[in-house]
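Coordinate inspection notes
Listed below, chain by chain, are the residues.
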Amino acid sequence: MKLKITPKFVTIVMLSLMVLSVGLYMIGKSVDFFNSEFAQNESDFRGYIIVLFARLFMIVGWLAIILGLYFRGQFNDIEKPKTDLLELHEKIEKIEKEKLMKKGA
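A few points on the structure. In this convention, every chain numbers its residues from 1, walking through the sequence in written order. pLDDT decides what is reported in this predicted model: residues at 70 or higher carry local features, side-chain atom pairs at 80 or more are listed and counted, and totals for whole chains, interfaces and linings draw on all residues regardless. Note that water and hydrogens are dropped before the side-chain values are worked out from all heavy atoms of the structure.

Here a helix means four or more residues in a row that DSSP labels H or I, a strand means two or more in a row labelled E, and each is numbered from the N terminus. A count of helices and strands for the protein chain gives three helices and zero strands. Going from N to C terminus, the protein chain has its helices and strands arranged as α-α-α. A radius of gyration in this sense is built from C-alpha atoms; the matching globule rule multiplies 2.2 Å by the number of residues raised to 0.38. For 105 residues, the compact-globule estimate of 2.2 N^0.38 gives 13 Å, and the protein chain exceeds it by more than 25% at 26 Å. Taken over the C-alpha atoms alone, the protein chain extends approximately 85 × 45 × 20 Å along its principal axes. Exposure categories follow from relative accessible area, calculated using a 1.4 Å probe and restricted to protein chains: below 20% of the type maximum is buried, above 50% is exposed, and the middle band is partly exposed. Looking at the protein chain as a whole, 10% of its 105 residues are labelled buried. Contacts are assigned to residue pairs with any non-hydrogen atoms lying within 4.5 Å of each other. The contacts in the protein chain between residues at least 6 apart in sequence include a share of 64% that link residues at least 24 apart. Residue-level accessible areas treat just the shown protein chains as cover; the underlying method is Shrake-Rupley with a 1.4 Å probe. Accessible area of the protein chain: about 9,200 Å², with a carbon and sulfur share of 68%. Only four residue types enter the tally: Lys and Arg on the positive side, Asp and Glu on the negative side; His and the chain ends are excluded. By convention, the point assigned to a charge is CZ for Arg, NZ for Lys, CD for Glu and CG for Asp. Between the mean site of the 15 positive side-chain charges and the mean site of the 12 negative ones, the protein chain shows a separation of 8 Å.

Right, let's get into the packing of aromatic side chains. In summary, the pairing rule links any two rings of Phe, Tyr or Trp, Trp by its six-membered ring, whose centres are within 6.5 Å, and it sorts them by plane angle into stacked for under 30 degrees, edge-to-face for over 60 and tilted for everything else. Counted by the stated rule, this structure contains five aromatic pairs. Measuring from ring centre to ring centre gives 5.4 Å for Phe33 and Phe34, while their planes differ by 75 degrees; the resulting arrangement is edge-to-face. The class for Phe34 is partly exposed, based on a relative accessible area of 45%. Pairing Phe34 with Tyr48 gives two aromatic rings, centres 5.4 Å apart and planes at 70 degrees, and the pair type is edge-to-face. Here the residue Phe34 occupies a position in helix H1 (residues 7–34), and Tyr48 occupies one in helix H2 (residues 42–71), the gap between them amounting to 14 residues. Of the residues examined, Tyr48 reaches a relative accessible area of 11% and is grouped as buried.

Structural data, given as structure tokens:
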């Protein structure tokens, strides 16, 4: 079975890796916190909850941004801006050469 790499596949893989890495990081930090002596203190626990929710909102925000870009079609043709820019550059060079030819003649 040959795996076809499409923009949709790459987006899904990148989102999965991002969620997995941040999730594993949050789990690791949670285990570290609950194994420390700070877990018994109520004010430290509130601070931990604030940090935990900040990380959760961060990952949800990144997911929302990437999914929004995907559904707007930003990943459909990622080569088009490059080719448009190269074509524009060629047109500018052609116009500049024509101006130099007119000045020289």
